[in-house]
Amino acid sequence: MDWRDHGILLTARRHGETAAIIEVFTETHGRHAGVVRGGASRKIAPILQPGAQLDVLWRARLQEHIGTFQVEPLRSRAAAAFSGRLALSGLNAVVALLSFCLPEREPHPGIYRQTEQLMDLLGQDEIWPLAYLRWELALLEELGFGLDLTRCAVTGTTVGLAYVSPKTGRAVSAEGAGDWADRLLPLPPVLCGQGAAPDNEIAAGLRTTGYFLAHRAAPSLGHTPLPEARARFVDQFTRRL
């Protein structure tokens, strides 16, 4: 059994004296783990940094075995990741959520391509938080918890949308919310792809996507709570408000 693909390194941990076990998110084989012989060596260990773009060759005697990887670096993102605290915390949030949310060995080419695009924006702190918010929306969609923000769930109107129902994930207008407004989640224009996307709107959007990740996606996966890396990124981002 063997295949070749390219992907994003999510995690790497030492295995024995000289090897490493890595987890890679690949375009056509999904989230996949394997052993890298010599992965703890001075030659290979620097390559195995979270976020690195790799060409991987996986081999195993049987499909259900963990198998081994041969890896070749395509692109390192270490310099961008270590360019500042926001970039590093953002990278950690992305790889943690992918490991947390996606089932093993199940392809998700759409979210893979968006993840690769997001990773390539690391270090561009002025635009990265917005790209990350859009990535979380796409991840929710991929997991079956996409938000319907096109019209009010109560009145049917497409204008004046101000909230999201925590029960249905549907938009609610200010008029339709009525006395229930304080029980609803914020719907800033940025979540609908509108406006200039200031940081305070992005922060409000992250509150809403975070709710659905924590209260819908995580329980469906049997996991709780969300990885702390996401909260650390949100905290790092909100410090600049």
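Remember, predicted model here, so these are calculated numbers, not experimental data. (Residues numbered from 1 in each chain as written. Predicted model: local features only at pLDDT ≥ 70, side-chain atom pairs only at ≥ 80, totals over all residues. Heavy atoms only, no water.)

In this fold, threonine 18 is placed in the loop between β1 (2-15) and β2 (19-26). A relative accessible area of 52% means that threonine 18 is categorised as exposed. Threonine 18 sits 193 residues away from tyrosine 211 along the chain, and the two C-alpha atoms are 41 Å apart. Residues in contact with threonine 18, not counting those within four places in the same chain, are Gly38, Gly39, Ala40 and Ser41. (Helix = DSSP H or I, 4+ residues; strand = E, 2+ residues; numbered from the N terminus. Buried < 20%, exposed > 50% of the residue type's maximum accessible area, 1.4 Å probe, protein only. Contact = heavy atoms within 4.5 Å.)

Attention now goes to the packing of helix α6 (residues 199-221) against helix α7 (residues 228-238). Look at α6 against α7: their axes get within 11 Å of each other, and the N-to-C directions meet at 165°. Considering their axes alone, α6 and α7 lie roughly antiparallel with respect to each other. Crossing hand, α6 versus α7: left-handed. Counting all contacts with α6, which are made through Asp199, Ile202, Ala203, Leu206, Thr209, Gly210 and Leu213, the residues of α7 involved are Arg230, Phe233, Val234, Phe237 and Thr238. Class assignment of the residues belonging to the contact of α6 with α7 gives a composition of 7 nonpolar, 3 polar and 2 charged. (Axes fitted to C-alpha atoms, helices over the stretch in contact; angles between N-to-C directions. Parallel < 35°, antiparallel > 145°, perpendicular 65-115°, else oblique. Left-handed = near helix turned anticlockwise from the far one by under 90°. Nonpolar A, V, L, I, M, F, W, Y, C, P; charged D, E, K, R; others polar.)

Moving on, we get to the environment of glycine 51. Tracing the backbone shows glycine 51 in the loop between β3 (30-36) and β4 (53-59). With relative accessibility at 0%, the residue glycine 51 sits in the buried group. Counting along the chain gives 79 residues from glycine 51 to leucine 130, while the straight-line C-alpha distance between them is 19 Å. Not counting the four nearest positions on each side in its chain, glycine 51 is found in contact with Ile8, Leu9, Arg77, Leu91, Val95 and Met119.

By the definition in use, this model includes 11 salt bridges. For aspartate 148, the salt bridge goes to arginine 170, with nearest N and O atoms at 4.0 Å. Pair noted here: aspartate 148 is in the loop between α4 (128-142) and β6 (161-164) and arginine 170 is in the loop between β6 and β7 (171-173), with a separation of 22 residues, a long-range link. (Salt bridge = Lys/Arg side-chain N within 4 Å of Asp/Glu carboxyl O.)

With 7 bridges connecting them, β1 and β4 associate as antiparallel partners. Looking at β4, one finds that aspartate 5 is bridged to valine 56. Bridge count for β1 against β2 is 8 bridges, and the pairing is antiparallel. Bridge assignment links threonine 11 to a residue of β2, and that residue is glutamate 23. What sits between the antiparallel neighbours β1 and β2 is a turn of 3 residues, in which glycine 16 has the positive phi angle 70°. (Pairing = 2+ DSSP bridges.)

Strand order in the open sheet formed by 3 strands is β7-β6-β8, and the pairing between neighbours is antiparallel. The open sheet is flanked by β7 and β8 (185-186), the only strands paired with a single partner. Examined bridge by bridge, β6 and β7 share 3 bridges and lie antiparallel to one another. For valine 164, the partnering residue across the bridge sits in β7 and is alanine 171.

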